[in-house]
Amino acid sequence: MTRWWIRILLGIVILCSFVPAASAATAEDALKQANASVRQALEAAQQGNYAEAVNKIGQFRDAWLDFEDGIKKHSKTAYRLIEESMSDVSFLLAQQPVQQEKLTAALRLLLERNEHAIAGDYGYFKQSEAQGGGNATVASLVALLDDASAKLASHDTEGAKADMESFKKSWLDIEGVVLTQSAGVYGDAERDMVSAYGLIASTPPKTDEAAKIIAQMRAYLAPLAGKTTYTMFDATTILLREGLEALLVVVALLAFLKKAGHDNKKAWIWYGVGAGLLVSLALGVAVQLLFSSGAFGSNNFLIAGCTGLFAAVMLLYMSYWLHSKSSLSAWQTYIRSQSTKALATGSLVSLAALSFLAVFREGTETVLFFIGMASSIGLGELLAGIAIGIAVLAVLAALILFFGVRIPVRPFFLVSSVLVFYLCFKFTGMGVHGLQLAGWLPASHVDGVPTLTALALYPTWQNLVPQAALLICALAAVAYRALKDRQWRKSETASTP
């Protein structure tokens, strides 16, 4: 009797071992059958029968929902790229008038991807992604938002979460297009993609709130979908926007050295600037040659997040140091001590490191923007835009430096400390936000908190807590310095005969 039961159990185990293979085969067979609808949609599109194309793509999408998990088990990349193609096709069919050439190209790509999945050729998808074959457009990301909305409406939170994950990974492909048309939309999108994903991923999922944010994203991104080329003005705008914050850090460092009588040490600042530019350029070229932007997206956010937080820590110390020298007593003590010795090498290295981090953080993003723009702008216009941007930044730097060092000691250090604290506050917010985009930090949405992109203030607890802590530390430092100044004045008054 015991042996009989053992045989039954062994038979069950053997049958179960075949279930995954059967499931995978079923998914591929189902995709093969559904792919006939895509082929019919392509034929209808070529004949200008767009209503029939919409009908056939709808049939394919309905069928896809039944076996998409089987494809995803084989290859998440295949699943994502097929989903992207479906979204592209749906978006193009929704346009009026329909652009037949783009639509047929998108349908052919969807057919091609389906056929490789049917054949089990999942290596094709890895190669396609590595070669940038999954490059997104604003239109495809808008379609992803539509898909996420539909899935939320049908209570498919996992599918909606996957769509928003794809959106984040593909954002690097299109952020330059968005930025050159609207800095406001660019900031809103970077805020909302984190908030929407966080709401969907929360326990329990806050689907209604997420759906509202996704609808809002679609509303402000859809009008930008038509842009496919750049101008000289776009190149200049990007360079000025990304370069201004790094410029402020570098100029503050140069002004400090000049004011403190160490103008001969400014080469250290320029070493950091040069290293930041070179490493940014090298990283941008490496990304272009070795990765797709989608594959690099999270890593780029991670680099921006880590460098932003590290720079914020150094800026916090620098802000406190500058504020501490805003009193005449502290400045006179500092000058007396520095008149007898050179500025320590460790301090110079720290200043060089800070200039490097500031330039590297902004430079990497700028280089990636320009590489993405290169195929959609004439070389002459791109170079002219960069040259104009550099010239404007140079003039601004000269003016700030010229007028800055002529400000009396106390106002100079007060203004400098406030400026550096502002950059510290903003870099902290940008650093946390970058780690959220990379998926390294959660995003717990806070209702009723406005978004201020100028301060990198975003409505999540992960952003608000460290920035609030910085503000409290700054107020405490101001109060402490005011108390020390009062004590110094009393001692000076008491010692005066």
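Cut-offs used in this document
- Residues numbered from 1 in each chain as written.
- Predicted model: local features only at pLDDT ≥ 70, side-chain atom pairs only at ≥ 80, totals over all residues.
- Heavy atoms only, no water.
- Helix = DSSP H or I, 4+ residues; strand = E, 2+ residues; numbered from the N terminus.
- Buried < 20%, exposed > 50% of the residue type's maximum accessible area, 1.4 Å probe, protein only.
- Contact = heavy atoms within 4.5 Å.
- Areas by Shrake-Rupley, 256 points an atom, 1.4 Å probe, with all protein chains shown as cover.
- Patch = residues over 30% accessible without salt bridge, like charges linked within 9 Å, V, L, I, M, F, W, Y side chains within 5 Å.
- Salt bridge = Lys/Arg side-chain N within 4 Å of Asp/Glu carboxyl O.
- 1 Å grid on protein atoms, 1.4 Å probe; cavity = no way out; pocket = protein on both sides within 12 Å on 5 of 7 lines; lining within 4 Å.
- Points joined across faces, edges and corners; volume = space filled by probe spheres on them.
- Nonpolar A, V, L, I, M, F, W, Y, C, P; charged D, E, K, R; others polar.
- Polar contact = N/O pair within 3.5 Å; in protein donor to acceptor, adjacent residues only side chain to side chain.
- Axes fitted to C-alpha atoms, helices over the stretch in contact; angles between N-to-C directions.
- Parallel < 35°, antiparallel > 145°, perpendicular 65-115°, else oblique.
- Left-handed = near helix turned anticlockwise from the far one by under 90°.
- Core = buried A, V, L, I, M, F, W, Y, C linked by side-chain atoms within 4.5 Å.
- Expected span 1.5 Å × (residues − 1).
- pLDDT = per-residue confidence, 0-100.
- Phe/Tyr/Trp six-rings, centres within 6.5 Å; stacked < 30°, edge-to-face > 60°.

Some thoughts on the overall build of the protein
Right, on to step 1. From N to C terminus, the protein includes 18 helices and 0 strands.
Right, on to step 2. Evaluated residue by residue, the protein yields a buried proportion of 47% over its 497 residues.
Right, on to step 3. Relative to all contacts within the protein whose residues are 6 or more apart in sequence, the contacts with residues 24 or more apart total 79%.
Right, on to step 4. For the protein, the accessible area works out to roughly 24,000 Å², and carbon and sulfur atoms hold 65% of it.

Here we look at a nonpolar patch on the surface
Right, on to step 1. A contiguous nonpolar surface patch, about 420 Å² in accessible area, is contributed by Met232, Leu244, Ile388, Val392, Leu396 and Ile400.
Right, on to step 2. Looking at the nonpolar patch, the elements that each hand over two or more residues are helix H11 (232-259) and helix H16 (379-404).
Right, on to step 3. Along the polypeptide, Val392 turns up in helix H16.

Thoughts on empty space enclosed by the protein
Right, on to step 1. Summed over the entire model, instances satisfying the criterion amount to 2 cavities of 30 Å³ or more.
Right, on to step 2. Space inside the second largest cavity adds up to approximately 40 Å³.
Right, on to step 3. Lining the second largest cavity are Tyr79, Arg80, Glu83, Leu144, Ala162, Asp163 and Ser166.
Right, on to step 4. Elements that contribute at least two residues to the lining of the second largest cavity include exactly helix H4 (76-94) and helix H8 (157-181).
Right, on to step 5. Residues that form the lining of the second largest cavity fall into these classes: 3 nonpolar, 1 polar and 3 charged.

Remarks on the side chain of Arg191
Right, on to step 1. Tracing the backbone shows Arg191 in helix H9 (residues 183-201).
Right, on to step 2. A polar atom in the side chain of Arg191 sits 2.7 Å from the side chain of Asp192.
Right, on to step 3. Once you skip the residues sitting within four places of it in the chain, Arg191 turns out to touch Gln216, His433, Thr451, Tyr458 and Pro459.

Regarding the packing of H9 against helix H10 (residues 207-221)
When two helices pack together, their arrangement is given by the angle between their axes and by how far apart the axes lie.
Right, on to step 1. H10 packs onto H9 with a crossing angle of 155° between their chain directions and a minimal axis gap of 9 Å. As judged from the angle between their axes, H9 and H10 are roughly antiparallel. Every pair of crossing elements has a handedness; the one defined by H9 and H10 is left-handed. Listed contacts from H10 to Val185, Asp188, Ala189, Arg191, Asp192, Met193, Ser195, Ala196, Leu199 and Ile200 of H9 are Glu209, Ala210, Ile213, Ile214, Gln216, Met217, Tyr220 and Leu221.
Right, on to step 2. Among the residues forming the contact of H9 with H10, the class breakdown is 12 nonpolar, 2 polar and 4 charged.

Side note on the nonpolar core
Right, on to step 1. In this structure, Met164, Phe167, Trp171, Val178, Ile214, Met217 and Leu221 are the most contacted members of the largest nonpolar core, which totals 42 residues.
Right, on to step 2. Going through the elements one at a time, helix H7 (138-153), H8, H9, H10, H11, helix H15 (345-373) and H16 are the ones with two or more residues in this core.
Right, on to step 3. The next biggest cluster of nonpolar side chains, apart from the first, holds 33 residues, and it includes Ala34, Leu42, Ile57 and Ala106.

A closer look at H7
An α-helix turns once per 3.6 residues; consequently, residues spaced three or four apart project the same way.
Right, on to step 1. For H7, with 16 residues, the first-to-last C-alpha span of 23 Å sits near the 22 Å given by 1.5 Å per residue.
Right, on to step 2. The buried fraction of H7 amounts to 12 of the 16 residues, a majority that puts the element mostly inside the structure.
Right, on to step 3. Those residues of H7 that sit buried are Val138, Ala139, Ser140, Leu141, Val142, Ala143, Leu144, Leu145, Asp147, Ala148, Lys151 and Leu152.
Right, on to step 4. Note on H7: the residue one or two positions beyond its end, His155, has a positive phi of about 65°.

Comments concerning the confidence of the model for the protein
Right, on to step 1. Mean pLDDT over the protein works out to 74, with 72% of the residues at or above the 70 mark.
Right, on to step 2. Confidence, read as mean pLDDT per element, is least for helix H1 (residues 2-17) in the protein (48) and greatest for H10 (89).
Right, on to step 3. This stretch, residues 12-24, has a pLDDT under 50; its non-local contacts, to residues over four places away or in other chains, come to 1 contact.
Right, on to step 4. Considering only residues more than four positions removed or in separate chains, one finds that residues 130-134, a stretch of pLDDT under 50, has 10 contacts.

A look at the pattern of salt bridges
Right, on to step 1. In the structure shown here, the tally under the stated rule is 9 salt bridges.
Right, on to step 2. When the shortest N-O distance is used, the salt bridge between Arg39 and Glu115 registers 3.2 Å. Placement of Arg39 in helix H2 (residues 19-46) and of Glu115 in helix H5 (residues 100-118) is noted, with a sequence separation of 76 residues between them.
Right, on to step 3. Since its relative accessible area comes to 38%, Glu115 is described here as partly exposed.
Right, on to step 4. Put simply, Arg61, Asp147, Lys151 and Asp163 are held in one network by salt bridges that share partners.

So, the layout of surface pockets
Here the idea is plain: a probe the size of a water molecule rolls over the atoms and shows the empty space left.
Right, on to step 1. As a volume, the second largest pocket reaches approximately 900 Å³.
Right, on to step 2. Top contributing element to the lining of the second largest pocket by residue count: H11, with 9 residues.
Right, on to step 3. Residues belonging to the lining of the second largest pocket are distributed by class as follows: 21 nonpolar, 5 polar and 5 charged.

Remarks on the packing of H7 against H10
Right, on to step 1. It is at 10 Å that the axes of H7 and H10 come closest, and there the two elements cross at 155°. The angle between the axes of H7 and H10 places the two elements in the roughly antiparallel class. Classified by chirality, the crossing of H10 by H7 is left-handed. Judged by residue contacts, Val138, Val142, Leu145, Asp146, Ala148, Ser149 and Leu152 of H7 engage Thr207, Ala210, Ala211, Ile214, Met217, Arg218 and Leu221 from H10.

Remarks on the packing of aromatic side chains
For any pair of aromatic rings, the description consists of the separation of the ring centres together with the inter-plane angle of the planes.
Right, on to step 1. Per the stated rule, a full pass over the model turns up 5 aromatic pairs.
Right, on to step 2. An angle of 25° between the planes, with centres 6.2 Å apart, marks the rings of Phe60 and Trp64 as stacked. Of this pair, Phe60 and Trp64 both sit in helix H3 (residues 50-74), 4 residues apart, which is roughly one turn of the helix.
Right, on to step 3. By relative accessible area, which is 1% here, Phe60 ends up buried.
Right, on to step 4. Their ring planes at 15° and their centres at 6.0 Å tell us that Trp64 and Tyr79 sit as a pair that is stacked. You can see Trp64 sitting in helix H3 and its partner Tyr79 sitting in helix H4, a full 15 residues away along the chain. Exposure class is identical for Trp64 and Tyr79. Each is buried.
Right, on to step 5. Here the aromatic residues Phe60, Trp64, Phe67 and Tyr79 are joined through ring pairs into a cluster of three or more.

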